[in-house]
Amino acid sequence: MWVDETAVSDSRGFTVSVDPDIAVSSDAYGADVLAGLHRAMADVGLPWSAHRGAGDPAVELGRVADEVGAVMIVVGAHRSGLRGWTTNLVGGTVAGRLIHNQARPVVVLPETVTAP
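Everything quoted here is computed from the prediction, not taken from an experiment. (Residues numbered from 1 in each chain as written. Predicted model: local features only at pLDDT ≥ 70, side-chain atom pairs only at ≥ 80, totals over all residues. Heavy atoms only, no water.)

### Regarding the overall build of the protein
Then, in step 1: Secondary structure assignment for the protein yields 4 helices and 6 strands.
Then, in step 2: Helices and strands appear in the protein in the N-to-C order β-β-β-α-β-α-β-α-α-β.
Then, in step 3: Within the protein, buried positions represent 25% of all 116 residues.
Then, in step 4: Excluding contacts between residues fewer than 6 apart, the proportion of contacts in the protein whose partners are at least 24 apart in sequence is 65%.
Then, in step 5: Put simply, the protein shows about 7900 Å² of open surface, and 60% of that area lies on carbon and sulfur atoms. (Helix = DSSP H or I, 4+ residues; strand = E, 2+ residues; numbered from the N terminus. Buried < 20%, exposed > 50% of the residue type's maximum accessible area, 1.4 Å probe, protein only. Contact = heavy atoms within 4.5 Å. Areas by Shrake-Rupley, 256 points an atom, 1.4 Å probe, with all protein chains shown as cover.)

### Here's the deal with the pattern of salt bridges
Then, in step 1: For the coordinates displayed, the defined rule picks out 4 salt bridges.
Then, in step 2: Put simply, Arg97 and Asp56 hold a salt bridge, and the shortest N to O gap is 2.7 Å. You can see Arg97 sitting in helix α4 (residues 94–101) and its partner Asp56 sitting in the loop between β4 (52–54) and α2 (57–68), a full 41 residues away along the chain.
Then, in step 3: Judged by relative accessible area, which is 33%, Asp56 ranks as partly exposed.
Then, in step 4: The closest approach of N and O atoms between Arg63 and Glu60, which form a salt bridge, is 3.0 Å. Of this pair, Arg63 and Glu60 both sit in helix α2, 3 residues apart, which is roughly one turn of that helix.
Then, in step 5: Members of the salt-bridge network, linked through shared partners, are Glu60, Arg63 and Glu67. (Salt bridge = Lys/Arg side-chain N within 4 Å of Asp/Glu carboxyl O.)

### Looking at the nonpolar core
Then, in step 1: Within the largest apolar cluster, 8 residues are counted, these being Ala58, Leu61, Ala65, Ile73, Val75, Ala95, Leu98 and Val106.
Then, in step 2: With 3 residues, α2 is the largest single contributor of residues to this core.
Then, in step 3: Apart from residues lying up to four places away in sequence, Val75 is in contact with Leu61, Ala95, Leu98, Val106, Val107, Val108 and Leu109. (Core = buried A, V, L, I, M, F, W, Y, C linked by side-chain atoms within 4.5 Å.)

### Comments concerning the pairing of strand β5 (residues 73–76)
Then, in step 1: Of the two faces of β5, only the one carrying Ile73 and Val75 is buried; Val74 and Gly76 on the other face are not.
Then, in step 2: Where β5 lies against strand β6 (residues 106–109), 4 bridges are found, and the strand directions are parallel. From the neighbouring strand, Gly76 faces β6, where its bridge partner is Leu109. (Pairing = 2+ DSSP bridges.)

### Points about α2
Then, in step 1: The end-to-end C-alpha distance of α2 is 16 Å, a good match for the 16 Å that 12 residues give at a rise of 1.5 Å each.
Then, in step 2: All of the buried residues along α2 are Pro57, Ala58, Glu60, Leu61, Gly62, Val64 and Ala65.
Then, in step 3: The backbone nitrogen of Ala58 lies 2.9 Å from a side-chain oxygen of the residue at the head of α2, namely Asp56.
Then, in step 4: Note on α2: the residue one or two positions beyond its end, Gly69, has a positive phi of about 70 degrees. (Expected span 1.5 Å × (residues − 1). Polar contact = N/O pair within 3.5 Å; in protein donor to acceptor, adjacent residues only side chain to side chain.)

Given below as structure tokens:
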């Protein structure tokens, strides 16, 4: 699932991102993210689905996990940059909030570090 935490949705489902890091519209950016996911998962051979949400990522991930009957939630450990810093400062990490608020297992993948 991809959740744009800077996006807001109205009652018609129209979503607008206010993130200055996204140079194109939220719809185009979200389409790029989901297209990349489809390419990456093409040869996995397991059932999967992609969902897009807006708002608090921990809340959205929990909601969708309940909706689809997920066995576990897998998230990345860290978001770099200004958005990651401000998110952690204000509300903690998504992984941390999920670990404390989920009845299902939460798997946290470490940030990928490239060799110098």
